[in-house]
Amino acid sequence: MVILCDGCRSYIGGVVVNELLEQGHTIINYTRSKATPSKNPRYKTVHGELDDMSRLITVMKENKVEAVLHLAAQSSPYVGFSVPLETAKVNFMDTMVILEAARLTGAERVIMFSSDCGAGSVGIDVPVTQDVHMKPRTVYGVTKTACEMLAGVYNYCYNMSCITLRIPHIIGEVRTPFEVFTEAMYAAVTGTKYVRDEGLDTPYAFLHLDSLTEAIIDSIMIPKEKVCKTPVYNVCDYNCTMKELLDCIKKYEPSFEYEVGPGYEHVNGIESEWIQGPWICDETTRDFGWKARYDLDSGIQAFLSAWRKAKEENNLPEAAFISVS
């Protein structure tokens, strides 16, 4: 299959693209950045902007693109709070351009992404199901909700086969975004105390990168007739509160210490968007055959192992966290 992918060099893109190439697919890397040409004849780099409709259509026609993996986005809810207009433009209007280019060139399968912020603050006792009544609290969350709706609209109006994967916090590689799991891991392997004023009761859903990679490939490959009329698929390995997460880290790193106040996490002065019940992935298993690879204990052990290895190899990222002391 010929797959156009924007965001090939992203955190998710690099892993997924390598796996698709190994499986024999052809990747068209659509990028605005300079890139070193690949020696792989099935990996082609093409330059262009996401909002350039005519360029996208030309590229997709010339390369006979069959599916689109739309990974390029403003992916941080924290950044989105500060730049709402740019977030709306990149996450919604650029997605519309991708969908239109796909529609006009006959590429029926477009894979897009939503998140826990797309589901929003539905309530601590409300499970996040495929058709949960979404309650986004920020512009970033609204753009993710919109992606969920767009997949269904394009399928209904234009007989396409779009899918939106709804994903929570992604882990699996040693990196430094502002989030509780990576902050706590950094503290655990460096012997620093993890300190926060609040947040111990905050619920989280987590997804490991290798589990997500499997789900993305499944979503590209499943037959059109198997795509649900509500083409939004939850992909989650496990749910836990911040306390459960920190206690599990301590279980496998006994020297780890934390001091965190009760209540829910606040970001930029507002309560966390992901006050939610457990994520339900039944439809994803039913239609994709996908199953979670980790539970809380195995997930902690795998991620802790990666951080320990990075420390041993002197490859720990710089301490960029505000919550350790």
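A short tour of the structure in this document, coming up. (Residues numbered from 1 in each chain as written. Predicted model: local features only at pLDDT ≥ 70, side-chain atom pairs only at ≥ 80, totals over all residues. Heavy atoms only, no water.)

## Here's the deal with the overall build of the protein chain
Thought 1: Of regular secondary structure, the protein chain possesses eleven helices and 14 strands.
Thought 2: The C-alpha radius of gyration of the protein chain comes to 20 Å, within 12% of the 20 Å expected for a compact globule of 325 residues.
Thought 3: Expressed as lengths along the three principal axes of its C-alpha atoms, the size of the protein chain is roughly 55 × 45 × 40 Å.
Thought 4: Expressed as a percentage of its 325 residues, the buried residues of the protein chain come to 53%.
Thought 5: Within the protein chain, counting contacts between residues at least 6 apart in sequence, those at least 24 apart form 80% of the total.
Thought 6: Accessible area of the protein chain: about 14,400 Å², with a carbon and sulfur share of 52%.
Thought 7: Side-chain charges in the protein chain split into 31 positive and 43 negative, and the spacing between the mean points of these groups amounts to 6 Å. (Helix = DSSP H or I, 4+ residues; strand = E, 2+ residues; numbered from the N terminus. Rg over C-alpha atoms; globule rule 2.2 N^0.38 Å. Buried < 20%, exposed > 50% of the residue type's maximum accessible area, 1.4 Å probe, protein only. Contact = heavy atoms within 4.5 Å. Areas by Shrake-Rupley, 256 points an atom, 1.4 Å probe, with all protein chains shown as cover. Lys, Arg positive; Asp, Glu negative; His and termini not counted. Charge placed at Lys NZ, Arg CZ, Asp CG, Glu CD.)

## Brief notes about the packing of helix H7 (residues 180-190) against helix H9 (residues 242-252)
Thought 1: Look at H7 against H9: their axes get within 11 Å of each other, and the N-to-C directions meet at 25°. Taken as axis vectors, H7 and H9 run roughly parallel relative to one another. For H7 against H9, the interelement crossing comes out right-handed. Contact with H7, carried on its side by Val180, Phe181, Ala184, Met185 and Ala188, involves Met242, Leu245, Leu246 and Ile249 of H9 and no other residues of that element. (Axes fitted to C-alpha atoms, helices over the stretch in contact; angles between N-to-C directions. Parallel < 35°, antiparallel > 145°, perpendicular 65-115°, else oblique. Left-handed = near helix turned anticlockwise from the far one by under 90°.)

## Some details on the sheet that holds strand E4 (residues 67-70)
Thought 1: Read from one edge of the open sheet, seven strands run E3-E2-E1-E4-E5-E6-E10, paired in parallel fashion. A strand with exactly one partner marks an edge of an open sheet, and here the two such strands are strand E3 (43-47) and strand E10 (232-234). On average, each strand axis in the sheet is tilted by 25° relative to the strand beside it, whichever way the strands run.
Thought 2: With five bridges connecting them, strand E1 (residues 2-6) and strand E2 (residues 26-31) associate as parallel partners. Within the sheet, the bridge partner assigned to Leu4 lies in E2 and is Ile28. (Pairing = 2+ DSSP bridges.)

## With respect to the pairing of strand E9 (residues 203-208)
Thought 1: Most of E9 is tucked away: six of the six residues are buried.
Thought 2: Along E9, one buried face is formed by Pro203, Ala205 and Leu207 and the opposite face, lined by Tyr204, Phe206 and His208, is buried too.
Thought 3: With three bridges connecting them, strand E7 (residues 169-171) and E9 associate as parallel partners. Within the sheet, the bridge partner assigned to Ile171 lies in E9 and is His208.

Any functional reading would require information that these geometric values do not contain.
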